[in-house]
Amino acid sequence: MHTHREFERLRGVLAEADEPLTAREILSLLDETEEFGSAHRVATVLGRYADRGDVEVLPGSPYRYRLDS
């Protein structure tokens, strides 16, 4: 698994965002060559890093993500 490399790419997208983003919005901002494949994969990676305190998950439907500052 390439979770750390994937997270670095997702962190780059979140760092440039002006507001919290959904997994689908993040996926749409990634280069088409990225290998995430689905919003579910984006959410899975971000969820793992949220457990570590690197990402904040905002409740709602759908969840929104931002970097924990």
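J.: Could you give me a rundown of the overall build of the protein chain, with the residues and numbers involved?
T.: In terms of regular secondary structure, the protein chain is built from 3 helices and 2 strands. In the protein chain, the order of α-helices and β-strands from amino to carboxyl end is α-α-α-β-β. A globule of 69 residues ought to have a C-alpha radius of gyration of about 11 Å, and the protein chain, at 11 Å, matches this closely. Within the protein chain, the fraction of its 69 residues that count as buried is 32%. Sequence separation of 24 or more characterises 47% of the internal contacts of the protein chain that already satisfy a separation of 6 or more. The protein chain carries 9 positive and 14 negative side-chain charges, and their two centres are separated by 5 Å.

J.: Which residues make up the confidence of the model for the protein chain, and what values go with them?
T.: Taken as a whole, the protein chain shows an average pLDDT of 90; of its residues, 93% reach a score of 70 or greater. In the model of the protein chain, helix α1 (residues 3–16) stands out as the element of lowest mean pLDDT, 92, in contrast to strand β2 (residues 64–67), which has the highest, 97.

Thresholds, definitions, all that
- Position numbers for residues start from 1 in each chain and track the written sequence from start to end.
- Only residues with pLDDT of at least 70 are given local features in this predicted model, and only at 80 or more are side-chain atom pairs given and counted; all residues enter the totals for whole chains, interfaces and linings.
- The side-chain values count all of the structure's non-hydrogen atoms but skip hydrogen atoms and water molecules.
- Helix and strand labels come from DSSP, where a helix needs a run of H or I of at least four residues and a strand needs a run of E of at least two; each type is numbered from the N terminus.
- The globule rule is 2.2 Å times the number of residues to the power 0.38, and the radius of gyration it is compared with is taken over C-alpha atoms.
- The buried label applies to any residue whose accessible area, calculated with a 1.4 Å probe on protein chains only, is under 20% of its type's maximum; exposed applies above 50%, and partly exposed to all values in between.
- It only takes one pair of heavy atoms within 4.5 Å for two residues to be counted as in contact.
- None of His or the chain ends enter the tally, which takes Lys and Arg as positive and Asp and Glu as negative.
- For charged residues, the charge sits on one atom: NZ in Lys, CZ in Arg, CG in Asp, CD in Glu.
- pLDDT: the predictor's confidence for each residue, scored from 0 to 100.

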